[in-house]
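Results of the structural survey
Listed here are the chains, written in short residue letters.
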Amino acid sequence: MVLGGGVAIGFAPIGLRIGLQEYGGELGPQAIAMWRYIFATPILFGLVLLIHRRLPRPPNRFIILAGTFFAIDIALWHWALTMTSVSNATFIVNLGNVGVGIVAWLFLKERPGMHWFVAASLAICGAAALSLGGAALHTGGLKGDLFALAAAGFVAGYMMFSKLGRRNLSGIEAIFWLSVVESLVAFLIVLLAGERVLPMTANGFIVPVFLAIVAHVMGQGLIVSGLGWTNTAVAGILVLAQPVVAAAIAWKLFEEPLTALQAAGAATILVAVWLAQRQTVPPAG
């Protein structure tokens, strides 16, 4: 489930870039994120009713924290994607997915096995190679990388708090409440950023609807659900399928071709993903 979610969210940066390039002026990067959460929320509510045949249970404080962290993470990442290449931004923010293993070790007492350390090292090396040579969109490429680095810190907190929040909520309930919190936080971010809340035409909603279904309901839904049964450190490695998917699609759509080194990096990430999912980790104390 976590691996499938990682593949699905690989379409997130692609959708954003299409939204900004093909429908430029309709919605800004933060408004696209906000509508992604808003459109996903009623879909997830319907899934809760369909699966559990009852209303969702109240959220806990960890889910509220996780939703806040995720909304800030996506806000920073969306800004980064407007300043640097897809591969660069995706690589840097995914450092947080590797770092969540250390965070989980310190705070959740989930000690990673030796396979994880090897997989994490391979993932970082592969992701670094994948990011090399990515052309920045503007002269603010370095600024975009710094935004992505800040997002990496928030994504680690998001995964840790989501893991804690899943202890008394089902996966579909958790992602529903996460979406509610993210919608509220994202609305405040849109106001602070001074972006247009509504698009000028209905075409402006095409990309947010796509992201809501593919990246949020499918992607984040699978990841949050899978966190209930997967060690957090291992989940962080599995999510690294995302930059491989994003870079491969960006190669054709945005003329960001992969060099031999970047292709080797993508292959190394896939080896790390394979190694991580083979690991058996003792349950947390």
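Note that this is a predicted model, so its numbers are computed, not measured.

Criteria and thresholds
- Residues numbered from 1 in each chain as written.
- Predicted model: local features only at pLDDT ≥ 70, side-chain atom pairs only at ≥ 80, totals over all residues.
- Heavy atoms only, no water.
- UniProt positions renumbered as here; feature names shortened; annotations may be inferred.
- Helix = DSSP H or I, 4+ residues; strand = E, 2+ residues; numbered from the N terminus.
- Patch = residues over 30% accessible without salt bridge, like charges linked within 9 Å, V, L, I, M, F, W, Y side chains within 5 Å.
- Areas by Shrake-Rupley, 256 points an atom, 1.4 Å probe, with all protein chains shown as cover.
- Salt bridge = Lys/Arg side-chain N within 4 Å of Asp/Glu carboxyl O.
- Buried < 20%, exposed > 50% of the residue type's maximum accessible area, 1.4 Å probe, protein only.

Below, the discussion takes up the UniProt feature "domain: EamA" (unreviewed entry) in the protein. On the UniProt side, "domain: EamA" (unreviewed entry) is annotated at positions that read residues 2-131 and 143-275 here. Helix makes up 77% of residues 143-275 and strand 0%. Its end C-alpha atoms lie 33 Å apart.

The next subject is a nonpolar patch on the surface. Together, Ile43, Val209, Ile213 and Met218 make up an exposed nonpolar region whose accessible area comes to about 300 Å². The biggest single contributor to the nonpolar patch is helix H10 (residues 206-226), with three residues. Residue placement: Val209 occurs in helix H10.

On to the pattern of salt bridges, then. Within this structure, the stated rule accounts for two salt bridges. Close ionic contact of Glu173 with Arg54 constitutes a salt bridge, the shortest N to O distance being 2.6 Å. Residue Glu173 is found in helix H9 (residues 171-193), and its partner Arg54 is found in the loop between helix H3 (29-52) and helix H4 (61-81); the two are separated by 119 residues along the sequence. Judged by relative accessible area, which is 30%, Arg54 ranks as partly exposed. For the salt bridge of Glu173 with Arg57, the shortest nitrogen-to-oxygen distance reads 2.8 Å.

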